[in-house]
Amino acid sequence: MIIGISAKGNTLDSLLDERFGRCEYFLIYDTENEQLNVLENKGQTASGGAGIKAAQQLIDEKVDLIITGHLGPNAYELIDKAGIKAYKCNRMLISSAIQKLKNNELSEINEAGPAHHGA
């Protein structure tokens, strides 16, 4: 399973960033071989449409699911249409968030949060 995680840093010891569209990095973690790939979020500096750019980036990476804090309406719609499940997590170490997912301790995001226009 390939997981896309919104992150403040570029290691498994970094904190999860609850902002999806404006996070600094996406950590792409493959649970089968425990490989980690780090991507700079293309949406973080966008003047608008950050969630759309971020969502498309993870769709292009063929992630199976996403761990983040919140998804705005545009990002949620793209991810939902792509058949990618998203799970809500508070700020914690990325390694802890992955463990919570494995233990079925995260809630699925079933609706979009509020839009954040340019913030």
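All figures in this text were calculated on a predicted structure; none of them were measured in a lab.

About the thresholds
- Residues numbered from 1 in each chain as written.
- Predicted model: local features only at pLDDT ≥ 70, side-chain atom pairs only at ≥ 80, totals over all residues.
- Heavy atoms only, no water.
- Helix = DSSP H or I, 4+ residues; strand = E, 2+ residues; numbered from the N terminus.
- Buried < 20%, exposed > 50% of the residue type's maximum accessible area, 1.4 Å probe, protein only.
- Phe/Tyr/Trp six-rings, centres within 6.5 Å; stacked < 30°, edge-to-face > 60°.
- Salt bridge = Lys/Arg side-chain N within 4 Å of Asp/Glu carboxyl O.

Peer 1: Tell me about unusual backbone geometry, residues and numbers included.
Peer 2: Even without being glycine, Lys62 reaches a positive phi, approximately 60 degrees. Tracing the chain through its elements places Lys62 in the loop between helix H1 (50-60) and strand E4 (65-68). On the basis of relative accessible area, Lys62 is assigned to the exposed category, the value being 62%. In the Ramachandran plot, Asn104 falls in the positive-phi region, its phi being about 60 degrees despite a non-glycine side chain. Take Asn104: it is sitting in the loop between helix H3 (94-102) and strand E6 (107-108). Residue classification places Asn104 among the exposed positions, given a relative accessible area of 71%.

Peer 1: An account of the packing of aromatic side chains is requested, with residue identities and associated values reported.
Peer 2: A complete count under the given rule lists one aromatic pair for this structure. Aromatic side chains Phe20 and Phe26 sit 5.4 Å apart centroid to centroid with 50 degrees between the ring planes, which places their arrangement in the tilted category.

Peer 1: Please set out the pattern of salt bridges residue by residue, giving values where relevant.
Peer 2: Where side chains of opposite charge bring their charged atoms close, a pairing between them can arise. Overall, the coordinates contain four salt bridges when judged by the stated rule. The salt bridge involving Lys100 is made with Glu105; its shortest N-O contact spans 3.4 Å. Note on Glu105: relative accessible area 47%, which makes it partly exposed.

In short, shape yes, function no, at least from these values alone.
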